[in-house]
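Residue strings, one per chain:
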Amino acid sequence: MTQRYLIRTFGCQMNQHDSERLAGLLEAEGLEPAAGLDDADLVVLNTCAVRENADNKLYGTLGHLATTKASRGLTIAVGGCLAQKDQGRVLERAPWVDVVFGTHNLHSLPVLLRRARDQGTAQAEFFDEMQRFPSALPARRASDWSAWVAISVGCNNTCTFCIVPKLRGKERSRQVGDVVAEVQALADAGVLEVSLLGQNVNSYGTDLPGHRQLFGDLLRALDGVEGLERLRFTSPNPKDFRDDVVEAMAACRPLCEHVHFPLQSGSDRILRLMRRGYRRRRYLEILASLRAAIGGVAFSTDIIVGFPGETEADFAGTLEVVEQARFDSAFTFQYSPRPGTEAASMPGQVPPEVVRDRFQRLLELQERISLEANRALVGTEVELLVEQAASRTDPTRMSGRTRTNKLCHFPAPPAPGPGVPPAGSRASEPAAGTAATVAPGDLVSVRVEQAAPHHLVGGVVLRHRARPPAGGSCAAAPAPRPLPAGAVPLPLVG
């Protein structure tokens with residue numbers, strides 16, 4: 001009888017990317033995806049150590065799974081950042097877990113599961129450094145028109161609020177040719193949009209021999225990928241933005257007009273305490289250079305409110321920069337201490353009620369700016385990459401994203417008339433006087449009719465381009481020569 005697996009992912013895009021690789025590994029072993037917990041023989045929790053209450057979420061989930069395991073056969077595996085941080089503590093707190101593995105040995109999961117089954121005892125394995133790039137592993141991707149591609153793993157920064165470098169290790173970059181080969185294979189398989197992933201993408205390549213391949217070189221190389229419609233990347237650090245990167249971004253045809261540009265604080269004093277490596281003046285200068293080089297570019301950002309030592313004057317500086325920067329959207333966070341970070345033991349921890357008050361004021365300012373930016377688009381025509389076949393609450397509504405990463409809802413076209421290809425077909429244009437089926441992964445153009453702070457509302461579809469037929473499976477996209485110099489490959493199975 002075929003075993004079924006369920007993967008639950010906590011945290012960032014890198015974790016989502018890793019979960020796709022874990023799914024690929026499990027399916028290579030003959031497992032199939034489960035419809036839900038009731039259908040699963042194996043549950044894998046891919047954890048995060050950055051988000052608030054990460055420990056409580058993990059161990060609370062494990063408590064619920066213990067009840068399920070007591071009533072029927074269930075194998076439980078825990079991986080990811082929190083597993084790398086807690087290591088043996090996971091089994092101490094949840095002895096019913098069968099396998100625990102870290103961020104550097106995703107490829108070990110099949111071996112560890114086999115050992116746990118054969119030996120009847122829990123298995124745990126953690127490496128201090130990456131043994132194999134996740135991109136070298138098979139994948140079961142969540143989408144067949146949009147894909148994550150890791151260009152590096154790890155981080156060399158020392159931000160005092162972040163534990164990622166301790167859990168992901170030093171930055172290790174893939175060769176430009178390896179990344180281009182994977183992206184081209186994805187495009188050949190029908191993927192239209194690729195998002196490049198790294199803890200700090202614009203420091204990419206500085207660890208490669210001779211520093212001959214940098215982020216600007218990678219963007220220029222990806223400009224030549226045939227069939228790639230949209231290219232995104234996350235996340236950069238402002239301190240590593242150079243003129244060459246800005247020039248490459250402006251010249252890269254598929255690169256979307258959207259930059260996620262983390263600010264964290266508008267106070268130079270707080271930025272220094274955070275050890276961010278840039279100051280507000282330099283930040284705004286880079287923002288201006290990107291706007292000058294890339295027409296219509298939109299910006300999102302990250303901001304932490306209430307960092308240790310933050311005064312009202314420091315917070316006022318953040319509000320000033322937000323007003324000047326005119327971000328299209330912002331991910332705003334109330335600071336709370338994260339175990340294992342330098343900031344957790346800093347003096348001057350801001351009282352929670354003060355943090356909440358400042359957070360609300362920042363939220364109100366950003367909501368106003370976001371609404372003004374979106375209202376400026378009313379009456380304009382935008383191209384959308386369709387994400388949803390229909391809304392869960394309104395089957396007559398579909399959704400997609402603009403090149404500037406704005407969510408836009410639009411009315412679903414009526415059912416196709418006689419002679420029009422049915423749903424799932426890939427005809428590029430509808431017959432005259434009829435409506436073609438619009439499906440996720442298609443490109444459509446609509447005119448913006450309404451705006452809200454977090455989304456747009458478009459009118460009827462003006463133009464529609466169906467996603468071309470796939471030339472292969474995006475799960476099988478190769479990543480040749482994925483190992484960094486000096487790394488020793490480990491077997492996938494044992």
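Now for a description of the structure that goes with this document. (Residues numbered from 1 in each chain as written. Predicted model: local features only at pLDDT ≥ 70, side-chain atom pairs only at ≥ 80, totals over all residues. Heavy atoms only, no water.)

## A few points about the sheet that holds strand 12 (residues 258–260)
Here comes step 1: With respect to topology, three strands assemble into an open sheet ordered 12-13-14, the strand pairing being parallel. The open sheet is flanked by strand 12 and strand 14 (329–334), the only strands paired with a single partner. Ignoring which end each strand starts from, the neighbouring axes of this sheet average 15° apart.
Here comes step 2: In this sheet, strand 14 lies alongside strand 13 (residues 298–305) in parallel orientation, the contact comprising six bridges. Bridging across to strand 14, Ser300 finds its partner in Ser329.
Here comes step 3: In the packing of helix 13 (residues 352–375) onto the sheet, the strands contacted are strand 13 and strand 14, and the crossing angle to strand 14 comes to about 175°. (Pairing = 2+ DSSP bridges. Helix = DSSP H or I, 4+ residues; strand = E, 2+ residues; numbered from the N terminus. Axes fitted to C-alpha atoms, helices over the stretch in contact; angles between N-to-C directions. Contact = heavy atoms within 4.5 Å.)

## Here we look at the sheet that holds strand 6 (residues 123–125)
Here comes step 1: Strand order in the open sheet formed by six strands is 2-1-3-4-5-6, with parallel pairing between adjacent strands. Of all strands in the sheet, those with a lone pairing partner are strand 2 (32–33) and strand 6, marking the two edges.
Here comes step 2: Against the sheet, helix 2 (residues 54–71) touches strand 1 (4–9), strand 3 (42–47) and strand 4 (75–80), its axis set at about 175° to strand 3.
Here comes step 3: Sitting on the sheet, helix 5 (residues 109–119) touches strand 3, strand 4, strand 5 (99–101) and strand 6, and the angle it makes with strand 5 is about 155°.

## Here we look at the environment of Leu45
Here comes step 1: One can find Leu45 in strand 3.
Here comes step 2: Between the alpha carbons of Leu45 and Val100 there is a distance of 9.6 Å; along the sequence they are 55 residues apart.
Here comes step 3: Other than its neighbours up to four places away in sequence, Leu45 contacts Arg8, Phe10, Leu58, Thr61, Leu62, Leu65, Ala77, Val78 and Gly79.

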